[in-house]
Protein chains: 2
Amino acid sequence: MSKKILIIGGVAAGPKTACRVKRLLPDAEVTIIDQDSLISYGGCGIPYYVSGDVSDEKELRNTSFHLTRDESFFARAKGVTVSTRTRAVAVNRQEKKVLVEKLADGSREELAYDQLVLATGSSPNRLPIAGADLERVFTISDLHQAIAIKELIAKGQVGKAVIIGGGAIGIEMAEAFVDLWGLEAAILEFMPQLLPRLVDWEFAGMLEQHLQEKGVEVFTGEGATAIEGEDGRVRRVVTPQRTLEADLVVMAVGVRARSELAREGGLLVDPQGNIVVNDRLQTSDPNIYAAGDCIAVKNRLTGKAGIAPMGSLANKEGRIVADNLAGIPTRYQGWVGSFTLKAFERCIGATGLTLESALAEGFDAAAVTTAQSDRAHFFPTQAVIPLRMVFDRQNRQLLGVQGFGPMGDAVLARIDAAAALLQQGATIDDVSQVEMAYAPPFATALDALNATANVADNLASGRLRCVDNAVFLAWMDDFASRPDWVALDIRHPNEASVLVEKFGADKWLSIPYIEVRERFQELPTDKMMIIICDAGTRSSEIQIVLDSVGLDNNLVLGGGFNLIRRLGVSWLG
Amino acid sequence: MSKKILIIGGVAAGPKTACRVKRLLPDAEVTIIDQDSLISYGGCGIPYYVSGDVSDEKELRNTSFHLTRDESFFARAKGVTVSTRTRAVAVNRQEKKVLVEKLADGSREELAYDQLVLATGSSPNRLPIAGADLERVFTISDLHQAIAIKELIAKGQVGKAVIIGGGAIGIEMAEAFVDLWGLEAAILEFMPQLLPRLVDWEFAGMLEQHLQEKGVEVFTGEGATAIEGEDGRVRRVVTPQRTLEADLVVMAVGVRARSELAREGGLLVDPQGNIVVNDRLQTSDPNIYAAGDCIAVKNRLTGKAGIAPMGSLANKEGRIVADNLAGIPTRYQGWVGSFTLKAFERCIGATGLTLESALAEGFDAAAVTTAQSDRAHFFPTQAVIPLRMVFDRQNRQLLGVQGFGPMGDAVLARIDAAAALLQQGATIDDVSQVEMAYAPPFATALDALNATANVADNLASGRLRCVDNAVFLAWMDDFASRPDWVALDIRHPNEASVLVEKFGADKWLSIPYIEVRERFQELPTDKMMIIICDAGTRSSEIQIVLDSVGLDNNLVLGGGFNLIRRLGVSWLG
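Cut-offs used in this document
Residues numbered from 1 in each chain as written. Chains lettered and ligands numbered in written order. Predicted model: local features only at pLDDT ≥ 70, side-chain atom pairs only at ≥ 80, totals over all residues. Heavy atoms only, no water. UniProt positions renumbered as here; feature names shortened; annotations may be inferred. Pairing = 2+ DSSP bridges. Helix = DSSP H or I, 4+ residues; strand = E, 2+ residues; numbered from the N terminus. Axes fitted to C-alpha atoms, helices over the stretch in contact; angles between N-to-C directions. Contact = heavy atoms within 4.5 Å. Salt bridge = Lys/Arg side-chain N within 4 Å of Asp/Glu carboxyl O. Buried < 20%, exposed > 50% of the residue type's maximum accessible area, 1.4 Å probe, protein only. Least-squares fit on C-alpha atoms with pLDDT ≥ 70 in both. Buried area = accessible area lost by both parts, 1.4 Å probe. Polar contact = N/O pair within 3.5 Å; in protein donor to acceptor, adjacent residues only side chain to side chain. Nonpolar A, V, L, I, M, F, W, Y, C, P; charged D, E, K, R; others polar. Right-handed = clockwise from strand over helix to strand, strands pointing away. Parallel < 35°, antiparallel > 145°, perpendicular 65-115°, else oblique. Left-handed = near helix turned anticlockwise from the far one by under 90°. Domains from an automatic or database assignment. Phe/Tyr/Trp six-rings, centres within 6.5 Å; stacked < 30°, edge-to-face > 60°. Lys NZ or Arg CZ within 6 Å of the ring centre and 35° of its normal. Arc of directions from axis to C-beta. Core = buried A, V, L, I, M, F, W, Y, C linked by side-chain atoms within 4.5 Å.

- Where an unreviewed UniProt entry is consulted, chain A appears under the name FAD-dependent pyridine nucleotide-disulfide oxidoreductase, with the organism given as Desulfurivibrio alkaliphilus.
- Of chain A, the UniProt comment under Sequence similarities (unreviewed entry) reads exactly: "Belongs to the class-III pyridine nucleotide-disulfide oxidoreductase family."
- Note on chain A: under the UniProt heading Cofactor (unreviewed entry), the record states "FAD".

Below, the structure written as structure tokens:
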């Protein structure tokens, strides 16, 4: 008799498991049930559907060869049975049966399984504030919500949108509203920065600056305390600082695992509600596997398990579950946390831990920021791509990389290479030597990622001292706070002169890079000099020059003006 | 007394070593000598200078902050003494002195060193054929040659250019001639494909097809046997097959190490003429280091040492030499062979070994080819990027990756990630799980690199059987050669119908993917079926379906029509 494999959940991990296991065990009876009517869609494409880039929601459910992944498709192409609008009510592990209910008529039946897969996904969080249940307060939980949002906009019923949550989905939705529909949009983020825990504040700051240039209002460190409506429909979002008009609200404040079924079935679930699995993605019942947003996944860097709700992981996990169902003992190596995001004309990406996260996890972590070219400076499409590298000072292990640049795949290339290195437990010395492909239209002879590793090496080896960017910016906003500091601007005097005039020649010293070896006697010995150039590279060299003549009263501004300028600070004018 | 470090060679590895060692040892006396008048230039930018993308040769010698790296720059900014037009005549290792000659006046002097660095680079090969020394037969050895070529073109003295050598430089020069100057250009490559040893023939074939579309004539398997001239100036290039008119010839047929000085100084030099170094880049004399094109570098994958003449490696090697000069025992991990190349509107790249090289090196190697999307199929800039993965069947070690796609950084991202994995000795199972950054504008949920690793896994595990592409193409050119074969085209009948008509319904079977499970009884049991789709993915699934019903008389065409179409085969017409 052929093996019965039952899969609960039909969006990402479920279908992936089903199709792979059917290829490994062509004789297996594979069934997917899902309570929704729409299955196997690219949820990450929702913002592009709302924006209009994707005209029909079916495109999100289509294969690359233009077939819609519906029940009929799974039956005919894959040999997999799919029951939509079918809710799993309870798992009877003793008898290996799942009680299901047909939502159409409320009828119930028991489905037997030899092996069960839970791919129940996650539910979007909804803030426990007044008005959270008003009409036109949406979460981006499924395609139906997306369709409803797009209909409202298309009918001209939305002028102002407020997005609660400055994570990836919130930012993508803001772009969808503003760029193609011309709506007004504001993002509220309770944490002090956008993309909290995904990038450090400098990188969030560059992104925020660009969003604001594009007309998106961004309020960080500011949470919604209430949503107000009229006639049951949203009208305003209230924060401690202001009240924002809103015809539509998107609440994108994270997700939580859907694990009720697992918990009620007696499976081990962690305190956060994630289904506990081993590295073969097996639950505490060896006949039950789980994959996707509903499980606690081990982070490769911290060794800790937690929710990792990403479509790219769901696919990898689904494959691993299928292997194990078929007797191939594939083990999941764990996740590192790679992400990337388009925001208007910019791209931001990261992999691994931020400095903040790494320190919180107990690493003896440090970070460096560079702002070098993505390709040869003479190649027409050349652009600066600030990169940040987080590493452990003790064992020099790479812990994370962040990148920001113009829209395109230049940042992606560095993040993907870094993700591969993180997976392999590489050190910054390994990164220094990685042989990134080089030709002038694609990279610099020493790639920006290699160069950033070299800066990390210099810092780790005590050959580089940097000023904290936040401390520097605070000083610029209030000179009085550090009367013992001056800036040493080593750019061309034409570039430095504006700031010399603005801040005075006693606070803003200008000696060009090439003249420092000849003119260092002009420099103060009793004040801390913050050495500033465009990318940070020249400043590091000048630090060594000054140290060698006894002027070690200096710190480098890593990333230099290339970073500062992208943060949109007011004093740069 | 401060340490005297003498560096012979001022293009890439030399200046890199000089600047880094001066930062590590600010008190050292660091001197570079070079026989040329122009130093520290981006030689890889020469094609972009010739094309006109770079208007002034100085841009190739400039820093990103617009200072020209001449003697004065090195003295003032770096504290490094540079003597140009100064030739090293002999090394006296006993006395630690180098005899040098000033080319301006023939005067000679001895320069003392504590440590010596040989960064003497390479010389371009010149074929030993009649006419190789005619006027207007150029090698791309240095900036002077580039300046001379550009002057001739700018004066309108070149209508037809012949390039001998179909490697990266030859292809870049062909684009430079054709794209911006509108010249006629032909490439002659003695080996049967472009980019020999860098990519397998399918990838060279896609590139060749694009070059021909852009008007570059490409003749592979065809070497120049003579160059003919008039009045001492080139007029024609002769091959066994034809005679090509030529107002200018570029000979780009590889380079050889410049190691006379090392050999005459009694240092160990390998039979190919490369300076032998250990993994700290120290020669057989512990006081002499060497870096760049002149050394034999260990390949990480094969363990063998040989010339690796790439600017990106020279930079890495220079840093390692500097570290060791300063007492930091950095070791070179060896190279893997990453490269990338722009050719008009396409990009090609690779890292590691080709299948051909891997087999020649004794690996039990196999390769798979995919042709999937670089990003979500619904995202406007989506394109197919054929990828090829070479691996060892025994231990599943990753050996190489090749990629081809539209101009941009999509291929780069996958090659750079693969390069990082090769460096770390990863397996195809590691590649399957690498967490490539995902969002629809940048990747597919399961990235093309992950997907290719999964196909490699299927092949390695005996779950996929592919037809050799060359064998398939030979069959298509001559049906009579395999009367026992038929094609099974599983694309939409609208797509398949042209070929069904052309080749006959008995040779070209058409059953759409989604109907195969229902209609397999129509298929032959006595002929080998070559299953064909667009990307190869559906074909792999159908292979499993057919096998499961006893029809294992089938093979998959990896990469499918996405690959075949890019090879420009005539029968697709």
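There's plenty left to go through after this.
### Notes on the sheet that holds strand E27 (residues 485-489) of chain B
Residue and element names in this part refer to chain B.
- Overall, parallel pairing links the four strands, which are arranged E28-E27-E29-E30 in an open sheet. Every interior strand has two partners, whereas the edge strands, strand E28 (508-510) and strand E30 (554-556), have only one. Between one strand axis and the next, the sheet turns through 30° on average, direction left out of account.
- Pairing between E27 and strand E29 (residues 528-532): five bridges, direction parallel. Note that in E29 the partner of Ala487 across the bridge is Ile530.
- The strands touched by helix H17 (residues 537-548) within the sheet are E27, E29 and E30, with E30 carrying the most contacts at an inclination of about 160°.

### Let's talk about the pattern of salt bridges
- Within the structure shown, the criterion is met by 76 salt bridges over all chains.
- For Glu541 of chain B, the salt bridge is made with Arg23 of chain A, and the minimal N-O distance between the two is 3.8 Å. Taken as a pair, Glu541 of chain B in helix H17 and Arg23 of chain A in helix H1 (residues 13-24) lie in two separate chains rather than in one.
- Residue classification places Glu541 of chain B among the buried positions, given a relative accessible area of 10%.
- The residue Arg76 of chain B makes a salt bridge to Glu518 of chain A at a minimum N-O spacing of 2.8 Å. Taken together, the residues Arg76 of chain B in helix H4 (residues 71-78) and Glu518 of chain A in helix H16 (residues 516-519) connect one chain to another.

### Overview of the relation of the copies chain B and chain A
- For the pair chain B and chain A, the superposition axis carries a translation of 0.0 Å, the fit reaches an RMSD of 0.0 Å, and the rotation angle comes to 180°. Such values leave the two copies arranged in the relation of a two-fold axis.
- Mapped onto chain A, 100% of the interface residues of chain B are again interface residues, and the two copies thus contact each other with one and the same surface.

### Quick notes on the interface of chain B and chain A
- Taken together, the contact pairs 96 residues of chain B with 96 residues of chain A.
- Counting each side, the surface lost to burial between chain B and chain A is near 8,200 Å², with a carbon and sulfur contribution of 58%.
- Of all residues in chain B, the largest losses of buried area upon contact with chain A belong to Gln433, Glu435 and Phe442 of chain B, amounting jointly to 11% of the total for that side.
- On inspection of chain B and its partner chain A, the count reaches 12 salt bridges.
- Linking chain B with chain A are 39 residue pairs in polar contact (both at pLDDT 80 or more), by the criterion used here.
- For the side of chain B that touches chain A, the leading source of residues is helix H11 (residues 410-423) of chain B, giving 11 residues.
- In terms of residue class, the side of chain B that touches chain A is made up of 46 nonpolar, 23 polar and 27 charged.

### Focus: the UniProt feature "domain: Pyridine nucleotide-disulphide oxidoreductase dimerisation" (unreviewed entry) in chain A
- When the UniProt feature table is mapped onto this chain, "domain: Pyridine nucleotide-disulphide oxidoreductase dimerisation" (unreviewed entry) is found at residues 348-446 of chain A.
- A helix fraction of 26% and a strand fraction of 32% characterise residues 348-446 of chain A, whose end C-alpha atoms lie 22 Å from each other.

### Focus: the pairing of strand E12 (residues 217-220) of chain A
Residues and elements named next belong to chain A.
- As paired strands, strand E11 (residues 184-189) and E12 are joined by four bridges and run parallel to one another. Pairing of Ala186 across the sheet is with Glu217, part of E12.
- Remark: the E11/helix H7 (residues 201-213)/E12 crossover connection has right-handed handedness.

### Concerning the packing of helix H11 (residues 410-423) of chain A against H11 of chain B
- The interhelical angle for the contact between H11 of chain A and H11 of chain B, taken along N-to-C directions, is 25°, at an axis separation of 8 Å. The orientation of H11 of chain A with respect to H11 of chain B, classified from their angle, is roughly parallel. The chirality of how H11 of chain A crosses H11 of chain B is right-handed. Between H11 of chain A and H11 of chain B, the residues in contact are Leu412, Ala413, Arg414, Asp416, Ala417, Ala420, Leu421 and Gln423 of chain A and Leu412, Ala413, Arg414, Asp416, Ala417, Ala420, Leu421 and Gln423 of chain B, respectively.
- The residue inventory of the contact of H11 of chain A with H11 of chain B, partitioned by class, reads 10 nonpolar, two polar and four charged.

### Looking at the domain arrangement of chain A
Residues and elements named next belong to chain A.
- You can read the domains of chain A as domain 1 (4-41 + 56-122 + 256-325), domain 2 (137-253), domain 3 (339-460) and domain 4 (469-572).
- Spacing between the C-alpha centres of domain 1 and domain 3 amounts to 35 Å.
- Contacts between the two partners involve five residues from domain 1 and, on the opposite side, 11 residues from domain 3.
- Contact with domain 3 buries surface across domain 1, with Arg300, Leu301 and Thr302 losing the most and accounting together for 79% of the total.
- Put simply, domain 1 and domain 3 have one salt bridge between them.
- On the surface where domain 1 and domain 3 come into contact, there are two residue pairs in polar contact (both at pLDDT 80 or more).
- Grouping the amino acids of the side of domain 1 that touches domain 3 by side-chain chemistry returns two nonpolar, one polar and two charged.

### Topic: the packing of aromatic side chains
- Across all of its chains, the model carries 26 aromatic pairs over all chains by this definition.
- A centroid spacing of 5.6 Å and a plane angle of 65° characterise the contact between Trp475 of chain B and Trp485 of chain B, whose relative ring orientation is edge-to-face. Of the two residues, Trp475 of chain B is situated in helix H14 (residues 469-477) and Trp485 of chain B in strand E27; the sequence distance between them amounts to 10 residues.
- A cation over a ring is seen here: Lys507 of chain A above Phe479 of chain A, with NZ or CZ 4.9 Å from the ring centre.

### Focus on H14 of chain B
- Within H14 of chain B, burial applies to Asn469, Phe472, Leu473, Trp475 and Met476 of chain B. One side of H14 of chain B carries all its buried residues, which in axial view fall inside an arc of 155°.

### Examining H4 of chain B
- Inspection of H4 of chain B places Phe73, Phe74, Ala77 and Lys78 of chain B among the buried residues, and these make up the whole buried set. The buried residues of H4 of chain B all sit within an arc of 95° when viewed along its axis, so they share a single face.
- Buried residues along H4 of chain B sit in contact with H16 and helix H17 (537-548) of chain A together with helix H1 (13-24) and strand E3 (81-83) of chain B.
- Positive backbone phi, approximately 70°, marks Gly79 of chain B, located one or two places after H4 of chain B.

### Remarks on the nonpolar core
- Formed by 228 residues in total, the largest nonpolar core has its most connected members in Phe177, Phe472 and Trp571 of chain B.
- Excluding residues within four positions of it along the chain, Phe177 of chain B makes contact with Val50, Ile149, Ile153, Ala161, Ile163, Gly182, Leu183, Ala185, Leu248 and Val250 of chain B.
- In this structure, Ile7, Ile163, Ile288 and Ala487 of chain A belong to the second largest nonpolar core, which totals 140 residues.

### Comments concerning the UniProt feature "domain: FAD/NAD(P)-binding" (unreviewed entry) in chain A
- Following the UniProt record, one finds the feature "domain: FAD/NAD(P)-binding" (unreviewed entry) at residues 4-298 of chain A.
- Each end of residues 4-298 of chain A is marked by a C-alpha atom, and these two atoms are 29 Å apart; helix forms 25% of the span and strand 29%.

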